[in-house]
Amino acid sequence: VKYVNRILVDDICGALLAAVSSDRPTSGGRVYNLVDDDPAPRSEVTKEAHRLLGTESSKSTKTGNAAPRRGTPRNTGNKRCRNQRLKDDYGWKLNAPTFREGLSILLELVN
């Protein structure tokens, strides 16, 4: 099982605004992860997207004529990142704490 981390652009903007509008001194070189609260397997995220769209999931759409990929394939990652430091330091709150809320928000935007 390979885990992926996601975040909505609105939540990235919220994190930046929290940091720049804070009374807290600069981070002093600390690193902050901008991710949602629920790293999940890519297959689970895809399954939820299909459920929301009312479509069926297909295993693969690759064809024999597809051009080979260059560089690192996207499906090689397997990370579970945490965002707690940003929440603790700046009081940051997510609009979409998990991929479920994020996908629902995206679906509302396109409908």
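The text that follows walks through the structure, step by step, so that each part is easy to find. The structure displayed is predicted, hence computed values, not measured ones. (Residues numbered from 1 in each chain as written. Predicted model: local features only at pLDDT ≥ 70, side-chain atom pairs only at ≥ 80, totals over all residues. Heavy atoms only, no water.)

**Some words on the overall build of the protein**
- Per the secondary structure count, the protein includes four helices and two strands.
- Burial analysis of the protein (111 residues in total) assigns 23% to the buried set.
- Look at the contacts in the protein between residues 6 or more apart in sequence, and 89% of them connect residues 24 or more apart.
- Of the roughly 8,400 Å² of accessible surface on the protein, 52% is carried by carbon and sulfur atoms. (Helix = DSSP H or I, 4+ residues; strand = E, 2+ residues; numbered from the N terminus. Buried < 20%, exposed > 50% of the residue type's maximum accessible area, 1.4 Å probe, protein only. Contact = heavy atoms within 4.5 Å. Areas by Shrake-Rupley, 256 points an atom, 1.4 Å probe, with all protein chains shown as cover.)

**Comments concerning the packing of aromatic side chains**
- The tally for this structure, following the rule as stated, stands at one aromatic pair.
- Over the face of the ring belonging to Tyr-3 we find Arg-80, whose NZ or CZ atom lies 3.6 Å from the ring centre. (Phe/Tyr/Trp six-rings, centres within 6.5 Å; stacked < 30°, edge-to-face > 60°. Lys NZ or Arg CZ within 6 Å of the ring centre and 35° of its normal.)

**Re the side chain of Asp-36**
- Tracing the backbone through its elements, the reader meets Asp-36 in the loop between helix H1 (9–20) and strand E2 (40–41).
- Polar contacts involving the side chain of Asp-36 include one to the main-chain amide nitrogen of Asp-38, which spans 3.0 Å.
- Of the polar contacts made by the side chain of Asp-36, one reaches the backbone nitrogen of Phe-99; its length is 3.2 Å.
- If we skip the residues at most four places from it in the chain, Asp-36 touches Arg-6, Ile-7, Asn-83, Leu-94, Ala-96, Pro-97, Thr-98 and Phe-99. (Polar contact = N/O pair within 3.5 Å; in protein donor to acceptor, adjacent residues only side chain to side chain.)

**Some thoughts on the layout of surface pockets**
- Its volume calculated, the second largest pocket comes out at about 160 Å³.
- Forming the walls of the second largest pocket are Arg-6, Ile-7, Leu-8, Asp-36, Val-45, Ala-96, Thr-98, Phe-99, Gly-102, Leu-103 and Leu-106.
- Sort the elements by how many residues they give to the lining of the second largest pocket and helix H4 (residues 99–110) lands first, with four residues.
- When its residues are assigned to classes, the lining of the second largest pocket shows seven nonpolar, two polar and two charged. (1 Å grid on protein atoms, 1.4 Å probe; cavity = no way out; pocket = protein on both sides within 12 Å on 5 of 7 lines; lining within 4 Å. Points joined across faces, edges and corners; volume = space filled by probe spheres on them. Nonpolar A, V, L, I, M, F, W, Y, C, P; charged D, E, K, R; others polar.)

**Structural notes on the environment of Lys-2**
- Positionally, Lys-2 belongs in the segment before strand E1 (3–4).
- Accessibility expressed as a relative area gives 42% for Lys-2, which makes it partly exposed.

**Side note on the environment of Pro-41**
- Locating Pro-41 in the fold gives a position in strand E2.
- Here Pro-41 falls in the buried class, since its relative accessible area comes to 12%.
- C-alpha of Pro-41 to C-alpha of Lys-79: the two residues are 38 residues apart in sequence and 9.8 Å apart in space.
- In contact with Pro-41, other than residues within four places in its own chain, are Val-1, Lys-2 and Tyr-3.

**Here we look at the nonpolar core**
- Core analysis: the largest hydrophobic core is formed by seven residues, namely Ala-15, Ala-18, Tyr-32, Leu-86, Tyr-90, Trp-92 and Leu-94.
- Within the residue set of this core, elements represented by two or more residues are H1 and helix H3 (84–90).
- If we skip the residues at most four places from it in the chain, Leu-86 touches Ala-15, Tyr-32, Asn-33, Leu-34, Gly-91 and Trp-92.
- One finds Ala-40, Val-45, Phe-99 and Leu-103 within the second-largest nonpolar core, a separate group that totals five residues. (Core = buried A, V, L, I, M, F, W, Y, C linked by side-chain atoms within 4.5 Å.)

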